[in-house]
Amino acid sequence: SALTLLDADIIGLVELENATDDTPIADLVDGLNAVSGPGSFAYIATAAIGTDAIRQGVIYKPASVTPVGGFAVLDSSVDPLFIDVLNRPVLAQTFEENSTGERFTIAVNHLKSKGSDCNGVGDFDTGDGQGNCNLTRTMAATALVEWLDTDPTASGDPDFLIMGDLNAYAMEDPIVVIEDANYTDLVEIFVGSGFADGAYSYNFWAQSGYLDHALASESLLPQVSGAAFWHIN
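Note that the coordinates shown come from a computational prediction; the quantities given were computed from them, not determined experimentally. (Residues numbered from 1 in each chain as written. Predicted model: local features only at pLDDT ≥ 70, side-chain atom pairs only at ≥ 80, totals over all residues. Heavy atoms only, no water.)

A. Structural context of the overall build of the protein chain. Each helix and strand counted, the protein chain has 5 helices and 11 strands in total. Its C-alpha atoms give the protein chain a radius of gyration of 17 Å, within 12% of the compact-globule value 17 Å for 233 residues. Expressed along its principal axes, the backbone C-alpha trace of the protein chain runs to roughly 50 × 40 × 35 Å. Of the contacts formed within the protein chain by residues at least 6 apart in sequence, a portion of 67% connects residues at least 24 apart. (Helix = DSSP H or I, 4+ residues; strand = E, 2+ residues; numbered from the N terminus. Rg over C-alpha atoms; globule rule 2.2 N^0.38 Å. Contact = heavy atoms within 4.5 Å.)

Structure (structure tokens):
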């Protein structure tokens, strides 16, 4: 129901079951098409990505956009800075808007949470408020922007959108790394900052902020008309 009401042409998903095939995301798309009509939604077929129990995925509306080329994955084999036994591998896909022929690439992320430690890789909680695994997330953010700079899907277009659960708040090191690479935090631009502005996606122990992000590359930013959180949960 939520995805139908969202009415998005492209949706980045996190915490899909990382099955050996595409059964989980196919089941979701079948459910959407049962409500919205046959062929309303399709998915990027990736099969299993990484070794975690969960992974990212992408679904889209073929009537609005068309995938260009294959998907790309950032993991430890691409860049050792990206520790894929802690972070889930990044999934990137380029799309072309059917009505205009314009292209852009989305990179869907789910970085290591603060919930468990990364002491095994020498990444200790330093007590600075950023919690467990800040260095692991920061190295992943560095690898991410450097990887996107190589145009991993061969899009031929500099328009990139970094989205997903980065498990870092807006002022923390991983987000600063991405912003320093000329990406703009769309929440800050279009929503604001702080609880009063509605700039939160997460509430924990009565503290609110956003771990879920959308950051646009320099060329994409002028084309973005808005961003929002949908507080339905």
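B. The arrangement of the packing of aromatic side chains in detail. As enumerated under the stated definition, the model contains 5 aromatic pairs in all. An angle of 15° between the planes, with centres 4.7 Å apart, marks the rings of Phe195 and Tyr200 as stacked. By relative accessible area, which is 56% here, Phe195 ends up exposed. Arranged with centres 4.8 Å apart and planes meeting at 15°, the rings of Phe204 and Trp205 form a pair that is stacked. The partly exposed category is assigned to Phe204, whose relative accessible area is 42%. Cluster of aromatic residues (ring-pair linked, three or more members): Tyr202, Phe204 and Trp205. (Phe/Tyr/Trp six-rings, centres within 6.5 Å; stacked < 30°, edge-to-face > 60°. Buried < 20%, exposed > 50% of the residue type's maximum accessible area, 1.4 Å probe, protein only.)

C. Inspection of the pattern of salt bridges at higher detail. Counting across every chain of the model gives 5 salt bridges. Across the salt bridge formed by Asp52 and Arg88, the nearest N and O atoms sit 3.5 Å from each other. With Asp52 in the loop between strand 2 (42-43) and strand 3 (54-60) and Arg88 in strand 5 (residues 88-97), this pair connects stretches of sequence that are 36 residues apart. The residue Glu172 makes a salt bridge to Lys114 at a minimum N-O spacing of 2.8 Å. Here Lys114 lies in the loop between strand 6 (103-110) and helix 3 (134-148) and Glu172 lies in the loop between strand 7 (160-165) and helix 4 (173-180), a separation of 58 residues in the sequence. On the basis of relative accessibility, which here comes to 22%, the residue Lys114 falls in the partly exposed class. (Salt bridge = Lys/Arg side-chain N within 4 Å of Asp/Glu carboxyl O.)

D. Up close: the state of the cysteines. Across all of its chains, the model carries 1 disulfide by this definition. Each disulfide pairs two cysteine sulfurs, and for Cys118 the partner residue is Cys133, the sulfurs being separated by 2.0 Å. In this structure the cystine formed by Cys118 and Cys133 twists about its S-S bond by roughly 100°; its chirality is therefore right-handed. A residue pair is termed long-range when its members are at least 10 positions apart, and Cys118 in the loop between strand 6 and helix 3 and Cys133 in the loop between strand 6 and helix 3 qualify at 15 residues. On the basis of relative accessible area, Cys118 is assigned to the buried category, the value being 2%. By relative accessible area, which is 0% here, Cys133 ends up buried. (Disulfide = S-S within 2.5 Å.)

E. Representation of helix 2 (residues 23-36). Along its 14 residues, helix 2 runs 20 Å from first to last C-alpha, staying within 8% of the 20 Å computed at 1.5 Å per residue. Those residues of helix 2 not exposed but buried are Pro24, Ile25, Ala26, Val29, Leu32 and Asn33. Where helix 2 is buried, its residues touch helix 1 (2-6), strand 1 (10-17), strand 2 and strand 3. Count one or two residues on from helix 2 and you reach Gly37, which has phi positive near 115°. (Expected span 1.5 Å × (residues − 1).)

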